[in-house]
Each structure stands twice: as C-alpha cells, then as structure tokens.
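Secondary and tertiary structure notes
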Amino acid sequence: QGNPLIGQQTIAAVARAGVALKAVYLGHCSLVTNMCVQVLVENCQHIEDLDLEGTCVGNAGVAAVARFCPKLQSLGLGDTLLSGDGAAVLSCCRHLVELDLQNTATTDPGVTPLATSLSALGELVLSGTQVSSALLEPSVGQSSLPSL
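Presented here is an overview of the structure given in this document. Since the model is a prediction, treat every value here as computed from it, not as a measurement. (Residues numbered from 1 in each chain as written. Predicted model: local features only at pLDDT ≥ 70, side-chain atom pairs only at ≥ 80, totals over all residues. Heavy atoms only, no water.)

Further remarks concern the sheet that holds strand 5 (residues 98–100). Pairing between the strands of a sheet is mediated by backbone hydrogen bonds and can be parallel or antiparallel. Strand order in the open sheet made by the five strands is 1-2-3-5-7, with parallel pairing throughout. Edge strands, defined here as strands with exactly one partner in the open sheet, are strand 1 (23–25) and strand 7 (123–125). On average, each strand axis in the sheet is tilted by 5 degrees relative to the strand beside it, whichever way the strands run. Examined bridge by bridge, strand 1 and strand 2 (residues 49–51) share three bridges and lie parallel to one another. Each bridged residue has a counterpart across the sheet, and for Tyr25 the counterpart in strand 2 is Asp51. (Pairing = 2+ DSSP bridges. Helix = DSSP H or I, 4+ residues; strand = E, 2+ residues; numbered from the N terminus. Axes fitted to C-alpha atoms, helices over the stretch in contact; angles between N-to-C directions.)

Structure (structure tokens):
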C-alpha cells in the first residue's frame, strides 16, 4: 500500500528541489492526482521509471507524462482513471519498454497507435481493459502488440 499522506504538497516540494529523479514510485498513493503528476514531470524531466498504479491519475496526467518525460522506459498506470484513447499520447515515448494499463477503461483507439509507434515496447499489460481481442492479433503488414 502507498503512503496516503503523499499528495500535491509533498510532490511539489520534491519537484521544487530540482532533484534529477530517474525513478518515482507513487503506486497506491491515493492523493496523487493529474495536477500532482503535472507538477512532478514539469520539474523532473529525467524520469525513466514511473509507477502511478492505483492513483487518481487520468488522461490529463498521462498527457503531461508523455509531454515532459522523453526518456521514459517504464510506466505503471494500472487501476488508474485512464480512459478511452488516453493512452494514445504515449506513442511519442519512443523509449517505453514496459506499460501497464490493467484495470483501466482504455479502449482500442488508445492502444492502436502504440503498436505502430513504440518499437521498443516489450511488455504491455491490458488485462481488465476494454481493448478488443481482435486488436491483439497481428495482421499482415502491421506491427503487432507485444506479448501480454
């Protein structure tokens, strides 16, 4: 379980310190929101490993991560408020190797761009999502999603 006291004030203090963080684990910290994540990634743009599983982060927070974390390699978004095509913005994260979207309301339009854009992606967790099984089957001439 995450620390229920970690929220916007704590994250803002860390971000203001200008720490060159490469890994941040905020899993199950129930006070972590889109605003917290935006403050963090705007000030700590060297993050390579970010765990937001079980937080209150949604599409806006994920968009901030995609915009400010170009070196991102691993992202945990399981059990967050990510929905619909919100994951599609991660197609610009070319170094992404691991992506956990389990138990989110992610749909096919959110995952389809990842298959063609993220050649380094080796692990994609989609259990408990709204992604159709047809999307997971490789088509002739198209990139397939990595093994789940």
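Let's pick the thread back up.
A few words now on the nonpolar core. Ranked by internal contacts, the top residues of the largest apolar core, which has 37 residues, are Leu75 and Leu99. Those elements that place two or more of their residues in this core are helix 2 (34–43), helix 3 (59–68) and helix 4 (108–117). By residue number, the principal contributor to this core is helix 3, which donates five residues. When neighbours within four sequence positions are excluded, Leu99 is seen to be in contact with Leu75, Leu77, Leu90, Leu114, Leu121, Glu123, Leu124 and Val125. (Core = buried A, V, L, I, M, F, W, Y, C linked by side-chain atoms within 4.5 Å. Buried < 20%, exposed > 50% of the residue type's maximum accessible area, 1.4 Å probe, protein only. Contact = heavy atoms within 4.5 Å.)

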